[in-house]
Amino acid sequence: MSLAAIRKSLMSVSPSAPSELVIVTRLRAAGCVFAEDEAQLIVSTAQTSDELATMVDRRIAGVPLEHVLGWVEFRALRVEVDPGVFVPRRRTAFLVDQAAALISPEAVVVDLCCGSGAVGAALASISDRIDLYAVDIDPAAVRCARRNISAPGRVIEGDLYAPLPGKLRGSVDVLVVNAPYVPTGAIRLMPPEARLHEPRVSLDGGVDGLDIQRRVASAARTWLAPGGHLLVEASELQAHETAAVFARVGLIARIERSDELGATVVVATSPA
Ligand SMILES: C[S@@+](CC[C@H](N)C(=O)[O-])C[C@H]1O[C@@H](n2cnc3c(N)ncnc32)[C@H](O)[C@@H]1O
């Protein structure tokens, strides 16, 4: 967006709002590489000049842009993201694509470790008749997901499968999971925006990063329908071990990769 367009947006917030040049300059000085784009997003989201000033200050203090805005674009959806909730990554669109390819119109779909609910919301936007459930252990994530997934009562707080209704046992067609998968020792190497602003429970996958995936795998066959699918986002380095974990519980696993999105998904199928 040009500075002239940013100026026009600013004037619609308030004629006394800080000059666009000041915003871009401050963002740039704070190390924001895409300062003009960020300024445009902040200006178009702020409702008042006070809110605009607060948003710029928070961004300069290192708060992730998505937490400053309160939303992120994910697969053409505007997904709300509250402070302290994991920010959906662009690469996770690949998990959605892989799951969407396996979903029939009225499939039972569970988004486990749903965070903001971005994955479930994206699947529901592709196929609005799916029977969708979403689970997260973090109350802040659950509150956020309940705004992004409109189906009442379908976003549930709890530990993995524990809060799911018993009637779903043996009938889940697609179980889609973006669980925490960062090895504990690698968290300190993450960018500050993740390390300092996203909750540890959303990142920490244990010593090798696979603790939650192993727990997901161990009960997957209890919940999957015959021929049902489990899809998990993984890092490229972990994917073979994740696939081996799934094979050990009797699932037939394959690895899918998108170089464009830098994304890896392990797709496992329960025997029919
Ligand atoms: C990497 S984030 C992914 C969030 C979302 N699926 C996405 O792609 O944006 C992992 C999420 O798993 C949740 N989580 C971690 N351990 C969990 C558990 N035992 N049961 C349910 N959710 C859990 C965290 O709270 C966090 O929201």
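Residues numbered from 1 in each chain as written. Predicted model: local features only at pLDDT ≥ 70, side-chain atom pairs only at ≥ 80, totals over all residues. Heavy atoms only, no water.

> So what exactly am I meant to see when it comes to the domain arrangement of the chain here?
It is common to give the size of an interface as the accessible area lost on bringing the parts into contact. In terms of domains, the chain is made up of domain 1 (3-61) and domain 2 (90-269). Just the C-alpha atoms count here: the centres of domain 1 and domain 2 sit 35 Å apart. (Domains from an automatic or database assignment.)

> In this structure, what is going on with helix α2 (residues 20-29)? I would like to understand it.
Within an α-helix, residues lying three or four positions from one another point in the same direction, as the helix has 3.6 residues per turn. Among all positions of α2, only Glu 20, Ile 23, Val 24 and Leu 27 are buried. Seen from one end, α2 has its buried residues packed into an arc of 95 degrees, which puts them on one side. (Buried < 20%, exposed > 50% of the residue type's maximum accessible area, 1.4 Å probe, protein only. Helix = DSSP H or I, 4+ residues; strand = E, 2+ residues; numbered from the N terminus. Arc of directions from axis to C-beta.)

> Explain the sheet that holds strand β3 (residues 108-112) to me, please; I cannot follow it from the model alone.
Where strands meet in a sheet, backbone hydrogen bonds hold them as pairs that are either parallel or antiparallel. The 7 strands are arranged β5-β4-β3-β6-β7-β9-β8 in an open sheet whose pairing can be described as mixed. Of all strands in the sheet, those bounded by a partner on one side alone are β5 (155-157) and β8 (252-258). Strand-to-strand twist in this sheet, taken as the mean axis angle between neighbours without regard to direction, amounts to 20 degrees. Sheet analysis places strand β7 (residues 224-234) next to strand β9 (residues 263-269), joined by 6 bridges and oriented antiparallel. Bridging across to β9, Val 232 finds its partner in Val 266. Helix α10 (residues 211-223) contacts β3, β6 (172-177) and β7 of the sheet and is inclined by roughly 165 degrees relative to β7. On the sheet, helix α11 (residues 239-248) packs against β7, β8 and β9 and is oriented at approximately 10 degrees with respect to β9. (Pairing = 2+ DSSP bridges. Axes fitted to C-alpha atoms, helices over the stretch in contact; angles between N-to-C directions. Contact = heavy atoms within 4.5 Å.)

> Please clarify how the nonpolar core should be interpreted in this entry.
Nonpolar side chains tend to gather and get buried jointly when the protein is soluble and globular. Ile 103, Val 109, Leu 123, Val 155, Val 176 and Leu 231 are the most contacted members of the largest nonpolar core, which has 35 residues in total. When residues of this core are traced back to their parent elements, those giving at least two are β1 (71-74), α6 (93-100), α7 (118-126), β4 (131-136), α8 (139-148), β6 and β9. The contacts of Ile 103, once residues within four sequence positions are left out, are Val 109, Leu 123, Ser 127, Ile 130 and Val 174. Counting 32 residues, the second-largest nonpolar core is a separate cluster that includes Leu 164, Ala 220, Leu 224 and Phe 246. (Core = buried A, V, L, I, M, F, W, Y, C linked by side-chain atoms within 4.5 Å.)

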